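Here is what each chain is made of, one letter per residue.
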Amino acid sequence: MAKNEMMANAIRALAMDAVQQANSGHPGAPMGMADMAVALWGDHLRHNPANPHWMDRDRFVLSNGHASMLIYAVLHLTGYQLPITELKNFRQFGSKTPGHPEVDVTPGIETTTGPLGQGLTNAVGMALAEKLLAREFNREGHTVVGHHTYVFMGDGCLMEGISHEAAALAGAWKLDKLIALYDDNGISIDGQVEPWFIDNTPMRFTACGWNVIGPIDGHDAEAVSAAIAQAKANAGKPTLIVCKTHIGKGSPNRANTAKAHGEPLGAEEIGLTRAALNWPHTPFMIPKESMAAWDAQVQGRKLEADWDKTFAAYTKAFPELATEFVRRMKGELPRSFSQLAVDTVVAAHTKAETVASRKASQLALEAFTAGLPELLGGSADLTGSNLTNTKSTPNLRFDAVTGESNGGRHINYGVREFGMAAIMNGVALHGGFIPYGGTFLTFSDYSRNAIRMAALMKLRVVHVFTHDSIGLGEDGPTHQSIEHAASLRLIPNLDVWRPGDTAETAVAWAVALANKTRPTALLLSRQNLPYAPKDDVGQISKGAYVLAEPKEVGLKKKAQAVIIATGSEVQLALKAQELLATQKIAVRVVSMPSNTTFDRQDTAYKSKILPEGLPRIAVEMGVTDGWWKYGCAAVIGINTFGESAPAAVLFEHFGFTPANVAATVRKVLRKK
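These figures come from a predicted structure and were not determined experimentally. (Residues numbered from 1 in each chain as written. Predicted model: local features only at pLDDT ≥ 70, side-chain atom pairs only at ≥ 80, totals over all residues. Heavy atoms only, no water.)

Engineer: Hey, could you run me through the packing of aromatic side chains in this one?
Structural biologist: To describe a pair of aromatic rings, one takes the distance between the centres and the angle between the planes. Under the defined criterion, the tally for this structure stands at 17 aromatic pairs. Ring geometry for F60 versus F152: centroids 5.0 Å apart, planes at 85°, classification edge-to-face. Taken together, the residues F60 in strand 1 (residues 59-62) and F152 in strand 2 (residues 149-154) connect sequence positions 92 residues apart. As far as burial versus exposure is concerned, F60 and F152 are alike and both buried. Aromatic side chains F311 and F325 sit 5.9 Å apart centroid to centroid with 45° between the ring planes, which places their arrangement in the tilted category. Placement of F311 in helix 12 (residues 297-317) and of F325 in helix 13 (residues 319-330) is noted, with a sequence separation of 14 residues between them. Note on accessibility: F311 and F325 belong to one class, buried. Three or more aromatic residues link up through ring pairs in this structure, and these residues are F137, W307, F311, Y314, F318 and F325. (Phe/Tyr/Trp six-rings, centres within 6.5 Å; stacked < 30°, edge-to-face > 60°. Helix = DSSP H or I, 4+ residues; strand = E, 2+ residues; numbered from the N terminus. Buried < 20%, exposed > 50% of the residue type's maximum accessible area, 1.4 Å probe, protein only.)

What follows is the structure in structure tokens.
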């Protein structure tokens, strides 16, 4: 048996054995892409199994993540810390081989894939990060950033709309170190895709500014390897390699059928496949010659050692740049950050400006982008509304001829919210940057699954969502966020902040930037918000704090109730407190800019802010469901969609007035 065939059949055997043992999974795609993997991992991929986090390794993304046994097999065969016992435990509780690839679970996995199209888009983000870091840190004779990003993807990835967004941006950015291999097998779960997928994929990618190679025989490893070499030599464009394959390659009765896609082959068919492949070995048994052919440990150590020498020379020539590069790639903030954060918050508190919280965000960003070169901003065609640009972040542009970037740090993503969110995930996964991007809060629905993936992967990504309520007025219910704050708060590990003034906004940014293991969503107003006077800004970072006690409005008595408010509604709460004071009703006002952060505080702090025995009234321009968990006696919210009208009219219509808030408190206290 020829070497390439032997290597590919090792993948096929492990894939069908693991899926059979789990009685769950997708054997067909790994069996079909096995030769593609031989070509890439055998001839081109620069990686070191002993150090999956080597900074200048090539990145590999399996966008069609249901084919996870492909990458698990290859990681095992090439020498990563993924023993055969883990493959035998495929899809079992606590194993390192879950049903879809998960970053930080399996060594060598670069991103969590499964939701189709996002892996390709993550890869675009990785390739962008590589290109920008190379420009920033490489010097003549010293190339410390110079790796490629490879992605395998299938028909499903290309059917998802996000693939259009990703392909267009990759072409516009001239990401010539991005190489995508398309597993063109014509099969999905429902069968032959021809009735519903008629795209001319090569022409589509050509139109998006890609270099396209093929179609080629995806089962000819030498041809695939030659195509990859051609792609690596290409300058100025990303490359798509169209590989014609047979799903379930080797299976006499399941190849080229949907049956091979998402279910085990079955014991009888596996026996027939072993015979057809001339693979007489027992399940999970890989012969020594196959293991030796795949073993990448010696080569991997050499590749990293060579890079270490390059980096040592770089460090000697450019010590400050080298130190900065290592810091950035480790995701560590500069030592100056703590003071920068304090200064930014104190400045906001001292100036006490009346501005929209979207403007307050930009004011904070002016300070943070000046002090943190790793901040990489952007907006989905709404820069003038989201205010994500600063003096330190000129627009990112690429030369039409050379493809070189201008060093800009603000990305115009165009109207591509989902693509933006998934690209930011890729940038964060690559390392070297902290990405943030803006759009309207209502359009978080477009990017929601990528936000969820960021939370699942524990990525430091910041989403700037402006126009956060009916306060935007005449644009009407299509743009007025009603359920969005509540729905985002439901995503585990996502921090959601809805600040009420400049100090709270600055704190929200500081917390988001310091948090290495959580993405953040900032919900910001279009309308101006007066500064809320406060004695201390120290407790804002806990997510909720006492903003005003009865003494602030001249009452020398204990609070009889607590009004909880977020964002623009904090001002309503303060004005209602004043109205109630004229009637000798004492209330405490609690500002809760981040429910998710407050919920993580200890019981003692929560009880201090929301004492037992005091009735609680929550005020927020959104659905009320999420507020009842705080034991509220009443919630002033909106459980319908909005209306088109000036903001002041809408506030009156929906009851967001000091008088209505005060009346609700009196009703709760049974006072009229």
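There is more to say, and it comes next.
Engineer: Is there a simple way to explain the sheet that holds strand 3 (residues 178-184) in this structure?
Structural biologist: Where strands meet in a sheet, backbone hydrogen bonds hold them as pairs that are either parallel or antiparallel. Ordered by their spatial adjacency, 5 strands build an open sheet running 1-2-3-7-6, and the pairing between neighbours is parallel. Both edges of this open sheet fall to strand 1 and strand 6 (211-217), since each of them pairs with a single strand only. Put simply, the sheet's adjacent strands are angled 15° from each other on average, direction ignored. Across 6 bridges, strand 2 lies against strand 3 in parallel orientation. If you follow M153 over to strand 3, its bridge partner there is Y182. Its contacts with the sheet put helix 5 (residues 118-137) on strand 1, strand 2 and strand 3, and the angle it makes with strand 2 is roughly 165°. (Pairing = 2+ DSSP bridges. Axes fitted to C-alpha atoms, helices over the stretch in contact; angles between N-to-C directions. Contact = heavy atoms within 4.5 Å.)

Engineer: Can you walk me through the pairing of strand 3 in this structure?
Structural biologist: Remark: a regular strand shows side chains that alternate across the two faces of the sheet. Counting buried residues in strand 3 gives 7 out of 7 residues, a clear majority hidden from the surface. Here strand 3 runs beside strand 7 (residues 239-244); their pairing, made up of 6 bridges, is parallel. Bridge pairing in strand 7 places I179 opposite T239.

Engineer: Quick question: what am I supposed to make of the side chain of D35 here?
Structural biologist: Tracing the sequence through the fold places D35 in helix 2 (residues 28-43). Here the side chain of D35 touches R12 through a polar contact of 2.5 Å, side chain to side chain. Those residues in contact with D35 that sit more than four places away from it in its chain are A8, R12, G218, H219 and A221. (Polar contact = N/O pair within 3.5 Å; in protein donor to acceptor, adjacent residues only side chain to side chain.)

Engineer: Mind showing me how you'd approach helix 10 (residues 267-276) here?
Structural biologist: Three or four residues apart is the spacing at which side chains of an α-helix point the same way, because the helix has 3.6 residues per turn. Buried within helix 10 we find E269, I270, T273 and R274. Angular distribution of buried residues about the axis of helix 10 spans 145°; they occupy a single face of the element. Facing away from the buried side of helix 10 by over 90 degrees, the exposed positions are E268 and A275. On its buried face, helix 10 is in contact with helix 1 (3-22) and helix 2. (Arc of directions from axis to C-beta.)

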